[in-house]
Amino acid sequence: MPVKQISVFLENKSGRLAAVTRTLAAAQINIRALSIADTSDFGILRLIVNDPDRALSVLREDGFTVGQTDVIAVEMPDQPGGLAGVLDLLEQAQLNVEYLYAFIGRGSNGALVIFRVEEVEEAQSKLSQAGFRVLEGDALYSL
Amino acid sequence: MYWNQKAECMPRDELRELQLERLKQTVSRVYHDVPHYRRQFQEIGVRPEDINSLEDLRLLPFTTKQDLRDNYPYDMFAVPLSEVVRIHASSGTTGKPTVVGYTRRDLATWAELMARALVCGGASRQDVIQNAFGYGLFTGGLGIHYGAECLGASVIPISGGNTKRQVMIMKDFGTTVLTCTPSYALHIAEVMAEMGVKPEETKLRCGIFGAEPWSENMRRNLEAKLGIDAYDIYGLSEVIGPGVAMECQGKHGLHIFEDHFIAEIIDPQTGEPVAPGEPGELVITTITKEAFPLIRYRTRDVTAMIEGECPNCGRTHMRIGRITGRTDDMLIIRGVNVFPSQVESVLLSIGYTEPQYLLIVDREGNLDTLEIQVEVSSQFFSDKVRGLEELEAVIRREIESTLGISAKVRLVEPKTIQRSEGKAVRVVDRRQI
């Protein structure tokens, strides 16, 4: 089962990010990883949380524009060249990475990075074949 | 100074006789030649022979923009297309424009009315007229153009835009009269100042401005900045274009050319005439137009009749005050008519099911700006920046092609657009006119 990422539309004005985190806090949802992409007008907050389905519904209830997307979490050696190895592999397989960001904390054997690609399954199998550990959603949420 | 003294200074009783005669002809013609009018008249049981006085005009039904839309594009024409030599259009509320046609004689009438208007504002055949109204489907550019040629002035058909070039040409070609929207005139004045060109380095002495509402304050501003006398001209494409009414040099009210149009001012709620001098909606009946006659057209423009003879010019035609507002939600942005519902129809066509949007109109320097805020619905939300930027671009492109003016599109969070009593506020107009 792939990892579910929650994305939230944010206008570039003060207090919006805080409002999202308040909603999640009230629902006792823990943020495991996040990144924000921003333009001059708006931002997109991307989150990995311990309970993505509930996060989606509480954020919707509070009136946010929310999406859920499949991403992959890859464990890699926490040393120079660790990320380069994964990216080389994806490039050779002609799998385009839309964006990526690091996990807060680490996996059992190294650093964890979240990848957003169009072809989730293909990327997952290519990485597994090459010996990288790709984490299942449930394993990641409870880390 | 008059262009057609006999017509413009005709004694009131003679004028009313002429109006009645022409009204009868028009009513009879539309009854026989335009199915829409025949249907409308029959529904309320009015026949052309029931019109025996100018007061009987009130027996006739109003014509609205909706009627024009329902008869898109040519069904309101009273002549076959072979008689039509020109077609203009103005923006409609659903993306479909309002189409108007002119016979050769209509064009001659229009040119005569515009020549009258130009003379009314003090222009003559000695003038060099820089026409910075847009040329094209919009009636402003070509309307002024043919009037100025009819007058015998020298016309520079420069159209709008490229303001530095406007200033250079104004200076080098010896422009004496500028015609454009008042906001564009202010912009020209500003660019002129930036370029270090002083008004006294030009021969400019007169400005004839229209196609959008403006104020006495703005007149003083324009007159000071450009060193001119500024006059207000009124018109709308449905009726004929610019040249329906024009201010004389008394700068107090616009004379409606009553030998071609009958004007009424009504209460927009009841449709009944307001007391003389009270503000209301201007309703116009054309009495000489061939291709596209209009009976009691609701202009949606709010104005008031100015009572009494004109103390300034000797013209006998009635005067109206400046247009002070609209009875519908139409906005005029950079001289272009914009209805908020046009934005809604664009969003619906893109696939929005319940579009929430807000138009923010402002003025930067002297140019109108339009920002359209659109709430992002989950349906169109993307976790990729590129996805949202593409959404913005699609909306912007569609809106520009529908509205005919450029706009900035800003995506906003749901529920950020204010609702009042369940009804959303669709327009914030921050312009200080």
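For the structure itself, look to the data block above.
Values in this document were obtained by computation on a predicted structure and should not be read as measured data.

Enquirer: Outline the packing of aromatic side chains, supporting the account with residue identities and numerical values.
Expert: Throughout the structure, instances matching the rule amount to 10 aromatic pairs over all chains. Measuring from ring centre to ring centre gives 5.3 Å for B:Y74 and B:F77, while their planes differ by 40°; the resulting arrangement is tilted. You can call B:Y74 partly exposed: its relative accessible area is 33%. A network of ring pairs unites the aromatic residues A:F9, A:F42 and B:F381 as a single cluster. Above the face of the B:Y231 ring, B:K251 is positioned so that its terminal group lies 5.6 Å from the ring centre. We note B:R426 situated over the ring of B:Y357; from NZ or CZ to the ring centre the distance is 4.0 Å.

Enquirer: Describe empty space enclosed by the protein, and please don't skip the residues or the numbers.
Expert: Under the defined criterion, the tally for this structure stands at 1 cavity of 30 Å³ or more. Computed from the structure, the largest cavity encloses a volume of approximately 30 Å³. Residues that form the lining of the largest cavity fall into these classes: 5 nonpolar, 2 polar and no charged.

Enquirer: Go over helix 8 (residues 182–194) of chain B with me, naming the residues and quoting the values.
Expert: Residue and element names in this part refer to chain B. The terminal C-alpha atoms of helix 8, which comprises 13 residues, lie 19 Å apart, in line with the 18 Å expected from a rise of 1.5 Å per residue. Of all 13 residues in helix 8, 10 are buried, a share of seventy percent or more. On its buried face, helix 8 is in contact with helix 7 (163–172), strand 5 (177–180), strand 6 (206–210), helix 9 (216–226), strand 17 (357–364) and strand 18 (367–375). At the C-terminal side of helix 8, G196 shows a positive phi close to 75°.

Enquirer: Can you tell me about the pairing of strand 6 (residues 111–117) of chain A, naming the residues and giving the values?
Expert: Residues and elements named next belong to chain A. The buried count for strand 6 comes to 6 of 7 residues, which makes it a mostly enclosed element. As judged from the 5 bridges shared by strand 4 (residues 66–76) and strand 6, these two strands associate in the antiparallel manner. Its bridge partner being in strand 6, A73 is matched across the sheet by I114.

Enquirer: Residues and numbers for a negative patch on the surface, please.
Expert: A contiguous patch of negative charge, built from B:D13, B:E14, B:E17 and B:E21, is present on the exposed surface. Inspection of the secondary structure puts B:E21 in helix 2 (residues 12–33).

Enquirer: Can you lay out the interface of chain A and chain B for me, pointing to particular residues and giving the numbers?
Expert: At the junction of the two partners, chain A supplies 25 residues and chain B supplies 20 residues. Carbon and sulfur atoms supply 52% of the area buried between chain A and chain B, which totals about 1,700 Å² over both sides. Linking chain A with chain B are 7 salt bridges. Put simply, B:K384 and A:E118 hold a salt bridge, and the shortest N to O gap is 2.5 Å. Seen at the junction of chain A and chain B, the total is 10 residue pairs in polar contact (both at pLDDT 80 or more). Ranked by residues supplied to the side of chain A that touches chain B, first place goes to strand 1 (residues 3–11) of chain A with 6 residues. The class makeup of the residues in the side of chain A that touches chain B is 9 nonpolar, 7 polar and 9 charged.

Conventions used here
Residues numbered from 1 in each chain as written. Chains lettered and ligands numbered in written order. Predicted model: local features only at pLDDT ≥ 70, side-chain atom pairs only at ≥ 80, totals over all residues. Heavy atoms only, no water. Phe/Tyr/Trp six-rings, centres within 6.5 Å; stacked < 30°, edge-to-face > 60°. Buried < 20%, exposed > 50% of the residue type's maximum accessible area, 1.4 Å probe, protein only. Lys NZ or Arg CZ within 6 Å of the ring centre and 35° of its normal. 1 Å grid on protein atoms, 1.4 Å probe; cavity = no way out; pocket = protein on both sides within 12 Å on 5 of 7 lines; lining within 4 Å. Points joined across faces, edges and corners; volume = space filled by probe spheres on them. Nonpolar A, V, L, I, M, F, W, Y, C, P; charged D, E, K, R; others polar. Helix = DSSP H or I, 4+ residues; strand = E, 2+ residues; numbered from the N terminus. Expected span 1.5 Å × (residues − 1). Contact = heavy atoms within 4.5 Å. Pairing = 2+ DSSP bridges. Patch = residues over 30% accessible without salt bridge, like charges linked within 9 Å, V, L, I, M, F, W, Y side chains within 5 Å. Areas by Shrake-Rupley, 256 points an atom, 1.4 Å probe, with all protein chains shown as cover. Salt bridge = Lys/Arg side-chain N within 4 Å of Asp/Glu carboxyl O. Lys, Arg positive; Asp, Glu negative; His and termini not counted. Charge placed at Lys NZ, Arg CZ, Asp CG, Glu CD. Buried area = accessible area lost by both parts, 1.4 Å probe. Polar contact = N/O pair within 3.5 Å; in protein donor to acceptor, adjacent residues only side chain to side chain.

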